[in-house]
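# A closer look at the structure
Residue strings, one per chain:
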Amino acid sequence: MACLVACGKTDLSELETGDVILPPPVDREDAQKIRIVGSSTVAPFATTVAERFGATTRYPTPIVETTGTGGGFKTFCQRIGPNHPSIADASRSVHESETALCASNGITDITALSIGFDGIVLANAREAPPLDLRKVDLYRALAAELPDGQGGFMANPYNSWIEVNPNLPDEPIMVFGPPPTSGTRDAFVELGMEQGALDVPAMAALKTSDPDAYKLRTHTIRTDGAWIDLGENDTAIIQSLIKTPTALGVLGYSFLEQNGDRVKAAHLDGVAVTFEAIASGDYGLSRSMYIYVKDQNLPLVPGLAEFIAEFVSDRAMGPDGYLLEKGLIPLPAEDRLAQQEIAEELANRGARK
């Protein structure tokens, strides 16, 4: 048998009986690149480290793909090997179901490293009125169903922010946000809506009597147009806010920092979104960010251990590191040192295999 490439044939019309078409050869250098998938929030940090790593070491620049935290874990957990992701970016902790998926595919050695903090902001256009939201406002505005006052639940009846809270403007509830695969969305419903619902007596009682039902009720966002999924691209949310000044957008603090000339953030429970408020935990939608490493890829992917060491180094994520320009909130010194020790152990482990 002959093949299309081997025979020098470049047009399908030149094929003869018995010829087979083989896929083009794999670029060996590309096959050895570190592959990273996951969170759109962590992606700008991973991309910055990847570019610096490619420019200053003998290794090629890693490939960073934005899939959302959930989508990233799904891809990360498929296979071991240099052609499959070695790192999953995440803006939340891994779920048990994701760990089980990895294990079912033989991926049993995974190491999590914290890279810093981020805040989830509710932003609107610069020219829009300033807002001071409460977590309970987020629950009342965005939950699919609310207590009906008679022991049951009803479809969310609120159409305007002033109906949710008389101190808010008489503007339609319209929130642009990430899809269900996003770690930002997971953190938003967990830190915002789930906690905000505790200020509603019927919901506080439900959490005591049936915690699972409480979580389901507070994590289910309405689908009647008040919340609009805009994919994993926070830039699309920024653009939509410019076009719709009365709308709000849910995005990471790093994107607010990069677009401060176009959008501003609402206060939350009276606290402004600042670097210091996120670092201290005073801002109520603060969260940790992670990278998850596929340990079994350490001996298979050149430069993987070195890349991890660069990511958690002081020059990258320290108090004067280059990632702060991208909006990263650094870990305390003790926690940062702990991550660097984990990275060193990973390097030793990879060398032993």
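Below is a short write-up of the structure. Quick caveat, the model's predicted, so the values are computed rather than measured.

### Let's talk about the side chain of threonine 67
- Structurally, the position occupied by threonine 67 is in the loop between β2 (63–66) and α3 (69–76).
- By relative accessible area, which is 18% here, threonine 67 ends up buried.
- Here the side chain of threonine 67 touches glycine 72 through a polar contact of 3.0 Å, landing on its backbone nitrogen.
- Beyond its immediate sequence surroundings of up to four residues, threonine 67 is in contact with Val37, Gly38, Gly72, Thr181 and Glu232.

### Side note on the side chain of arginine 336
- Tracing the sequence through the fold places arginine 336 in helix α15 (residues 333–352).
- With near-sequence residues (within four places) excluded, arginine 336 lies in contact with Val312, Asp314, Met317, Gly318, Pro319 and Leu331.

### Some points on the nonpolar core
- Within the largest apolar cluster, 83 residues are counted, with the highest numbers of intra-cluster contacts made by Ile87, Leu133, Phe188, Phe307, Ile308, Phe311 and Leu323.
- For this core, the leading source of residues is strand β4 (residues 110–125), giving seven residues.
- Residues from two domains meet in this core; each of domain 1 (35–117 + 288–351) and domain 2 (127–259) gives at least three.
- Contacts of phenylalanine 311, omitting those with residues within four sequence positions, involve Phe45, Ala46, Val49, Ile115, Ile291, Ala316, Met317 and Leu323.
- Among the nonpolar cores identified, the runner-up in size contains ten residues, and Val37, Phe73, Phe76 and Ala88 belong to it.

### Overview of the state of the cysteines
- Under the criterion given, the structure shown has one disulfide.
- Between the sulfur atoms of cysteine 77 and its disulfide mate cysteine 102 the distance is 1.9 Å. Judged by the sign of its S-S torsion, about -75°, the cystine formed by cysteine 77 and cysteine 102 is left-handed. Taken together, the positions of cysteine 77 in the loop between α3 and β3 (87–90) and cysteine 102 in helix α4 (residues 96–104) put the pair 25 residues apart, joining distant regions of the chain. As far as the burial class goes, cysteine 77 and cysteine 102 line up, both buried.

Criteria and thresholds
Residues numbered from 1 in each chain as written. Predicted model: local features only at pLDDT ≥ 70, side-chain atom pairs only at ≥ 80, totals over all residues. Heavy atoms only, no water. Helix = DSSP H or I, 4+ residues; strand = E, 2+ residues; numbered from the N terminus. Buried < 20%, exposed > 50% of the residue type's maximum accessible area, 1.4 Å probe, protein only. Polar contact = N/O pair within 3.5 Å; in protein donor to acceptor, adjacent residues only side chain to side chain. Contact = heavy atoms within 4.5 Å. Core = buried A, V, L, I, M, F, W, Y, C linked by side-chain atoms within 4.5 Å. Domains from an automatic or database assignment. Disulfide = S-S within 2.5 Å.

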